[in-house]
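Structural overview for review
The lines below spell out each chain.
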Amino acid sequence: MVSQIQAKPGIMDIALYQGGKSHVAGVQNVVKLSSNENPLGPSPKAVEAAKTTLSTMHRYPSTDHKSLRTAIADVHGMDPDRVICGVGSDEVLAWLTQAFAGPGDEVIHTEHGFALYRIGALAAGATPVEVPEQNRVTDVDAILAACTNRTRLVFIANPNNPTGTMIGSADVARLADSLPPQAILVLDGAYAEYVPGGDGGLAEVNARENVFMTRTFSKIYGLGGMRVGWGYGPRHIIDILNRIRGPFNLSLPALAAAEAAVRDQAYIDECRAENARLRTWLAEALAAQGVPSDVSHTNFVLARFKDADEASACNTALESEGLIVRAVGGYKLPYALRITVGDVSSCQRVAECVARFKSKAVRS
Ligand SMILES: *Cc1c(COP(=O)(O)O)cnc(C)c1O
């Protein structure tokens, strides 16, 4: 008998999330290059700060996150009252769809956009609308052409995951200024810190009432396991999101770690420089083997192969050597592999493995 207990429409259209793998059976010396984590880990100051909270874990954490919001605002030159902190930026993205989109509403995301935009739209009962990119780059005109009077949210990651590409601030401004009046532009800045001098769209947010930015501590800050992200936007949007935010959504160690991490910008500068150096090295080593990639503005490289079969065979070769990268067929990029820029030795292992794979392919 079919149960009468059923999920709301849209929920069962959500495919279960497949996270990056971290183990290979029978292989030693495994490195995980599938989730865009910082290979250098967090600032030692963040680890210390989290430890000092452990003796007071019987106390509830702060509900207004004032100390963390102030630290974030100080570092970025923002108004702390326009910052909201979530359990990863995932939570902030989920609040946006929950608060602004429902049945009959449309939520735009791009062709190779982050999976959570579609999931969030479906979870809220809204309709996700996928817009083509142009050669793996966000296409502002295509997005504007897809807008209707039902469009409530437009999500773009800038730089984007899994493509690594980005659009400039003039394009972002043009998109924001041309949206229908009921729509919010969400700039997901998960990789903003990797862009030298980049502000993740701060200037665009500050100048408008319809632009919102999300950021995370999971990537360059190396705190993925702590689950802290934040949003910054117009007061009227922050006020709405605060009504659905759980009062104690962030734990004591998470708040302390994030605050210490954001105040240690010297460490972030080091991570940015090291990532840029190794990313260039890796992209060039792969290109020399006939595996090109678009210029990446992130901590990963989207390596392109001849076709889906070659990408999948190379993925198997990498995995057999304990190198776990991300197949991105689910992002409509079956011919590519997304490879996180690891430490020196991981980058070398990837380059050597791909070289061996390619030379075998030539001989056979
Ligand atoms: C990793 C990532 C996020 C955020 O993750 P959280 O860990 O939830 O902060 C958001 N958007 C994109 C595009 C990402 O790649």
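Since the structure is predicted, the reported quantities are computational estimates derived from the model, not experimental observations.

Definitions and cut-offs
The numbers attached to residues start from 1 for each chain and follow its sequence in the written order. Reporting of local features is limited, given that this is a predicted model, to residues whose pLDDT is at least 70; pairs of side-chain atoms are given and counted only at 80 or more, and all residues count toward the totals for whole chains, interfaces and linings. Only heavy atoms go into the side-chain values, all of them from the structure, while hydrogens and water stay out. The criterion for strand pairing is that DSSP finds at least two bridges linking the strands in question. Every helix listed is a DSSP run of H or I at least four residues long, and every strand listed is a run of E at least two residues long, numbered separately from the N terminus. Angles here are taken between N-to-C directions and fall from 0 to 180 degrees, while the axes themselves are lines fitted to C-alpha atoms, restricted in helices to the stretch in contact. The near set for a molecule or strand comprises every residue that places at least one heavy atom within 4 Å of it. For the purposes of these results, a polar contact is taken to be a pair of N or O atoms within 3.5 Å, where, inside protein, one atom must be able to donate a hydrogen and its partner to accept one; residues adjacent in sequence count only when each atom of the pair is a side-chain atom. Contact criterion: two residues are considered in contact whenever any of their non-hydrogen atoms come within 4.5 Å of each other. For a helix, the expected span equals 1.5 Å multiplied by the residue count minus one. Residue ranges assigned to each domain were obtained from an automatic or database domain assignment. As used here, buried area is the combined drop in accessible area, with a 1.4 Å probe, of two parts when they are placed together. Any Lys or Arg side-chain nitrogen found within 4 Å of a carboxyl oxygen on Asp or Glu counts as a salt bridge.

This part covers the sheet that holds strand β7 (residues 211-216). Ordered by their spatial adjacency, seven strands build an open sheet running β2-β8-β7-β6-β5-β3-β4, and the pairing between neighbours is mixed. Only two strands of the sheet have a single neighbouring strand rather than two, namely β2 (83-86) and β4 (127-131). Geometrically, the sheet is characterised by an average inter-axis angle of 20° between neighbouring strands, direction not taken into account. Two strands pair when backbone bridges link them, and strand β3 (residues 106-110) and strand β5 (residues 151-157) are joined in this way by three bridges, in the parallel orientation. Of the residues in β5, the one forming a bridge with V107 is L153.

Take the site of the ligand next. Taken together, 13 residues surround the ligand, and among them S89, D188, T216, S218 and K219 come closest. Within the side chain of T216, one N or O atom sits 2.5 Å away from an oxygen atom of the ligand. Between the ligand and S218, the relevant distance is 2.6 Å, taken from an oxygen atom to a side-chain nitrogen or oxygen of the residue. By residue number, the principal contributor to the shell around the ligand is helix α3 (residues 88-100), which donates three residues.

This brings us to the sheet that holds strand β9 (residues 300-304). Strand pairing in a sheet relies on backbone hydrogen bonds. The paired strands run either parallel or antiparallel. Read from one edge to the other, the open sheet built from three strands follows the order β9-β12-β11, with strand pairing classed as antiparallel. Two strands in the sheet have a free side with no partner beyond their single neighbour: β9 and β11 (326-327). Where β11 lies against strand β12 (residues 336-340), two bridges are found, and the strand directions are antiparallel. Counterpart to A327 in the pairing with β12 is L337. Strand contacts of helix α10 (residues 265-288): β9 and β12, with the helix running at about 10° to β9, the strand carrying the most contacts. Strand contacts of helix α11 (residues 308-320): β11 and β12, with the helix running at about 35° to β12, the strand carrying the most contacts.

Mapped onto the secondary structure, T165 falls in the loop between β5 and α6 (169-178). At a separation of 2.8 Å, a polar atom in the side chain of T165 contacts the main-chain carbonyl oxygen of R136. Among all residues touching T165, those that are not within four sequence positions of it are R136, V137, P159, N160, D294, V295 and H297.

With that settled, the discussion passes to helix α9 (residues 252-263). For α9, built from 12 residues, the straight-helix expectation of 16 Å at 1.5 Å per residue is met to within 8% by its first-to-last C-alpha distance of 17 Å. On its buried face, α9 sits against α1 (44-52), α2 (66-76) and α10.

So, on to the domain arrangement of the chain. Its domain assignment divides the chain into domain 1 (19-41 + 266-363) and domain 2 (44-263). Each of domain 1 and domain 2 was reduced to a C-alpha centroid, and the two centroids are 26 Å apart. Each side of the interface is counted separately: domain 1 has 24 residues, and domain 2 has 27 residues. Between domain 1 and domain 2, roughly 2100 Å² of surface is buried when both sides are summed, and carbon and sulfur atoms account for 59% of that area. At the surface where domain 1 touches domain 2, the tally comes to two salt bridges.

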